[in-house]
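# Coordinate analysis (summary)
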Amino acid sequence: MSRSHPDKMTFLEHLEELRSRLVRSALYLAGGFGVCWGFHEQIFHFLTQPLRRAGFTDQFIYTSPAEAFFLYMKMSFFVGIFVAFPLLLWEIWAFISPGLYRHEKLWAIPFIGMGSFFFTTGALFGHFILCPLTFKFLWGFAGDDMRFLPRIGEYWSFYSWFLLGLGAVFQIPVVIFVLARVGLVSAGMLLKGWKWAILGAFVLAAIITPSADVVTQSALAGPMVGLYLLGVLIAWIFGKRRDRDQEEDEKDAVSEGAGS
């Protein structure tokens, strides 16, 4: 059975739709950057706190005259991503929604809400817990014969990609929610693959975390396994019930056919 009206759009119309939504997404990011630029100094102090919590009390250094200015811009854009993220998710949902049945389109708010919540939660987990733990561990190798003078650009590169990776990883329940709603996965299917999920969590943690210590990797892999189990619960609650959803799909198809 076909979806609502994807066949009524040509390939070029899909490309035009994608282009317009990418343009709007870029405008949202620009707006988020503009808002955050007004607080760039406060943002700098907040985003450098993980290293302070690890025990660093000295000043950061930079070696290029324009480095501080561009760093403020990068940090403002980074936080602007979080500001604009709900709107970005809305554009994603609006792009795929024409291929959904009418009752499935009602899941837009849970999709946007869950996606924004888990993306922010992943970043906060990295900022307050995982980054200070990692910095403290790595810093411990210096000993008394070396002095740590971090270059701010290198710290920022380390920190920003770390948090974006965590934000992406924490989308696991959201991805499972979408896949369960369209009937591609089920709670039983996910439970059968729990061993592979645990293995995948530790492999992904080893890729994301910059240090090779077991403590830091376990601090990330543990929540990932928890997110997978949460996804199992979400799939069980919100998963596609074949008989009920098939009946709703048929009603939607009939009503759309009558209206066309």
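Structure: see above.
Summarised in this report is the structure supplied together with it. (Residues numbered from 1 in each chain as written. Predicted model: local features only at pLDDT ≥ 70, side-chain atom pairs only at ≥ 80, totals over all residues. Heavy atoms only, no water.)

### Concerning the overall build of the chain
The number of helices and strands found in the chain is 11 helices and zero strands. Secondary structure of the chain in N-to-C order comes out as α-α-α-α-α-α-α-α-α-α-α. Burial status across the chain gives 40% buried among its 260 residues. The long-range share in the chain, meaning contacts at least 24 apart out of those at least 6 apart in sequence, stands at 84%. (Helix = DSSP H or I, 4+ residues; strand = E, 2+ residues; numbered from the N terminus. Buried < 20%, exposed > 50% of the residue type's maximum accessible area, 1.4 Å probe, protein only. Contact = heavy atoms within 4.5 Å.)

### Here we look at the nonpolar core
One finds Y159 and L220 to be the most contacted residues of the largest nonpolar core, which totals 51 residues. The set of elements that each furnish at least two residues to this core consists of α1 (11–37), α2 (40–47), α4 (67–96), α5 (108–139), α6 (152–169), α7 (172–181), α9 (194–208) and α10 (214–238). Not counting the four nearest positions on each side in its chain, Y159 is found in contact with L47, P50, F78, H127 and C131. Core analysis: the next-biggest nonpolar cluster, separate from the first, contains nine residues, I176, A180, V185 and Y228 among them. (Core = buried A, V, L, I, M, F, W, Y, C linked by side-chain atoms within 4.5 Å.)

### Some thoughts on α10
With 25 residues, α10 extends 35 Å from end C-alpha to end C-alpha; this agrees with the ideal 36 Å at 1.5 Å per step. All of the buried residues in α10 are T216, Q217, A219, L220, A221, M224, L227, Y228, G231, V232, I234 and A235. In the core, the buried residues of α10 are packed alongside α5, α6, α7, α8 (187–192) and α9. (Expected span 1.5 Å × (residues − 1).)

### Quick notes on the pattern of salt bridges
Inspection of every chain in the model, using the stated rule, returns six salt bridges. Of the charged contacts in the structure, one is a salt bridge between E67 and R151, with a shortest N-O distance of 3.3 Å. One end of the pair, E67, is in helix α4; the other, R151, is in the loop between α5 and α6, with 84 residues separating them in the sequence. Each of E17, R21, R24 and E91 takes part in one network of salt bridges that share partners. (Salt bridge = Lys/Arg side-chain N within 4 Å of Asp/Glu carboxyl O.)

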